[in-house]
Amino acid sequence: MRSNKKVLHIITRLIVGGAQENTMFTMEGLLSRGWDAHLLSGPTTGPEGEIVGRIRERNIPLTIEPSLIRNLSPKKDVLAFFRLYSFFRAGRYSIVHTHSSKAGIIGRWAAYFARVPNIIHTVHGLPYHFFQPFYIRYFYVLAEFLTSLITHKILYVSGNNMQSCLIRGIGRKRDSHIVRSGLNLDDFLNAIGKGTEIRRKFGCSDDDMIFATVARLFHLKGHKYILQAAPEIIRKHPGVKFMFIGDGILRERFERIAREEGISENIIFTGLIPPEEIPIYLDSCDGIIHPSLREGLPRVVPQAFLLEKPVIAFDVDGASEVVIPNITGFLIPPGDMINLKKSLNYVINNTEGAKKMALSGKKLILREFTIDKMVGDIEDIYKRMLIDG
């Protein structure tokens, strides 16, 4: 007999990332509310780090499926489908809830053929974007459209992402819901004023002004725009430094560019850091830049607001839902170097005005981005589905 409260979440990898952390908090919240919740993931590889240890520390039931890998692999993808199908049939889950592109496609179709009564998918960021070749973009849109036909509910961290899908026929409006990302507020609120040791670690004085970017050193994350703007900013303000928090395949290239531009001393590469240290790293900084060219709703933006840090962000996907121009922060067109430099100069020269915007952002985050609200919204959707079913 199928338990009404038996739910399985599936994600492709448990790397250090927003989608993964959201899923971990959701699982923890569901378990505390009495749900029979399980998590399944593919193997976690790559330079981004992993949160498998944090998952296990929280006693979240976890299964690793070796055939569920991120890259396209016809042989392994077919194997993953059949492995998931068997897993669903044996587990008799009332709800299968998928995350990320690969797990989202394979997982939902396996759930459909296994006759799982309720299939849900969360869009943490769109799999298609205009920087892809058109045929790849078309493939992703088609795959998401077809898979949406067998999906009962689609959740979005960003309203802009939801509208992008709906206008392409992906999902039905009545079955689409916005569920904001949940943040562990205390981790950030308790870190206020504790970033001094990080500044000392990297040789920064109290007079230096540090702008941080938290992201993998990877394509489309936008670090190159910071490196393009940095020389002019540093010439005017020698005490300005840019901190890249994270690691990735482009690190050597960015280090080389910094050397060639003669700004190596002003560019800090922290490498991969434990997720629990993100709050004090952000607190060590004077402002946050989020120059990504594609994102669902960037978690670092609400995290920065909690720490009362000014935010400069590219107007991509869900950024505009938290960065309100001249009210909570600086929202600029993607790749707009003139406005990026202008915004940086404003924060450098008008610290009180920038701080006031950050405090307005903090009020918004304290209202909309709690873990309890996120889990509660998801639980309400589950309950309605089980009643309607």
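To start, this report covers the structure provided alongside it. (Residues numbered from 1 in each chain as written. Predicted model: local features only at pLDDT ≥ 70, side-chain atom pairs only at ≥ 80, totals over all residues. Heavy atoms only, no water.)

The grouping of Tyr138, Leu142, Phe145, Leu146 and Leu149 at the surface amounts to a nonpolar patch, some 480 Å² of accessible area in total. Tracing the backbone through its elements, the reader meets Leu142 in helix 5 (residues 134-148). (Patch = residues over 30% accessible without salt bridge, like charges linked within 9 Å, V, L, I, M, F, W, Y side chains within 5 Å. Areas by Shrake-Rupley, 256 points an atom, 1.4 Å probe, with all protein chains shown as cover. Salt bridge = Lys/Arg side-chain N within 4 Å of Asp/Glu carboxyl O. Helix = DSSP H or I, 4+ residues; strand = E, 2+ residues; numbered from the N terminus.)

Moving on to the pattern of salt bridges. Using the criterion set out here, one finds 25 salt bridges in the structure. Note that Glu379 is salt-bridged to Lys383, the shortest N-O span being 3.9 Å. Of this pair, Glu379 and Lys383 both sit in helix 15 (residues 371-388), four residues apart, which is roughly one turn of that helix. Among the residues examined, Glu379 registers a relative accessible area of 7% and is labelled buried. Judged by its relative accessible area of 40%, Lys383 falls in the partly exposed class. (Buried < 20%, exposed > 50% of the residue type's maximum accessible area, 1.4 Å probe, protein only.)

Of the two faces of strand 6 (residues 153-156), the one holding Lys153 and Leu155 and the one holding Ile154 and Tyr156 are both buried throughout. Strand direction decides the pairing type here: strand 5 (residues 118-123) and strand 6, joined by four bridges, are parallel. For Val123, the partnering residue across the bridge sits in strand 6 and is Tyr156. One crossover worth recording links strand 5 to the parallel strand 6 by way of helix 5, and it is right-handed. Bridging between strand 6 and strand 7 (residues 176-178) involves three bridges; their strand directions are parallel. In the sheet register, Tyr156 faces strand 7, and the bridge partner there is Ile178. (Pairing = 2+ DSSP bridges. Right-handed = clockwise from strand over helix to strand, strands pointing away.)

Packing of helix 4 (residues 101-113) against helix 5 leaves a shortest axis separation of 10 Å and a crossing angle of 30 degrees. Considering the angle they form, helix 4 stands roughly parallel to helix 5. When the axes of helix 4 and helix 5 are compared, the crossing they make is left-handed. Across the interface between the two elements, Gly104, Ile105, Arg108 and Trp109 of helix 4 pack against Ala143, Glu144, Leu146, Thr147 and Ser148 of helix 5. (Axes fitted to C-alpha atoms, helices over the stretch in contact; angles between N-to-C directions. Parallel < 35°, antiparallel > 145°, perpendicular 65-115°, else oblique. Left-handed = near helix turned anticlockwise from the far one by under 90°. Contact = heavy atoms within 4.5 Å.)

Across the sheet, seven strands lie side by side as 3-2-1-4-5-6-7; this open sheet has parallel pairing. Two strands bound the open sheet, and with one partner strand each, they are strand 3 (62-64) and strand 7. When strand polarity is set aside, the average angle formed by the axes of neighbouring strands in this sheet is 20 degrees. Each of strand 1 (6-11), strand 4 (95-99) and strand 5 is contacted by helix 4, which is oriented at about 160 degrees to strand 4, the strand it contacts most.

Right, let's talk about the packing of helix 1 (residues 18-32) against helix 15 for a bit. Packing of helix 1 against helix 15 leaves a shortest axis separation of 9 Å and a crossing angle of 70 degrees. Compared by their axis directions, helix 1 and helix 15 come out roughly perpendicular. Both helix 1 and helix 15 take part in a crossing whose hand is right-handed. Here Asn22, Phe25, Thr26, Gly29 and Leu30 of helix 1 lie close against helix 15, whose contacting residues are Ile371, Met374, Val375, Ile378 and Tyr382.

Relative to the helices and strands, Ser67 is located in the loop between strand 3 and helix 3 (74-91). Residue classification places Ser67 among the buried residues on the basis of a relative accessible area of 4%. Measuring from C-alpha to C-alpha, the distance between Ser67 and Pro43 comes to 8.1 Å, with 24 residues separating the pair along the chain. Other than its neighbours up to four places away in sequence, Ser67 contacts Lys76, Leu79, Ala80 and Arg83. Among the polar contacts made by the side chain of Ser67, one reaches the main-chain amide nitrogen of Ala80 at a distance of 3.5 Å. (Polar contact = N/O pair within 3.5 Å; in protein donor to acceptor, adjacent residues only side chain to side chain.)

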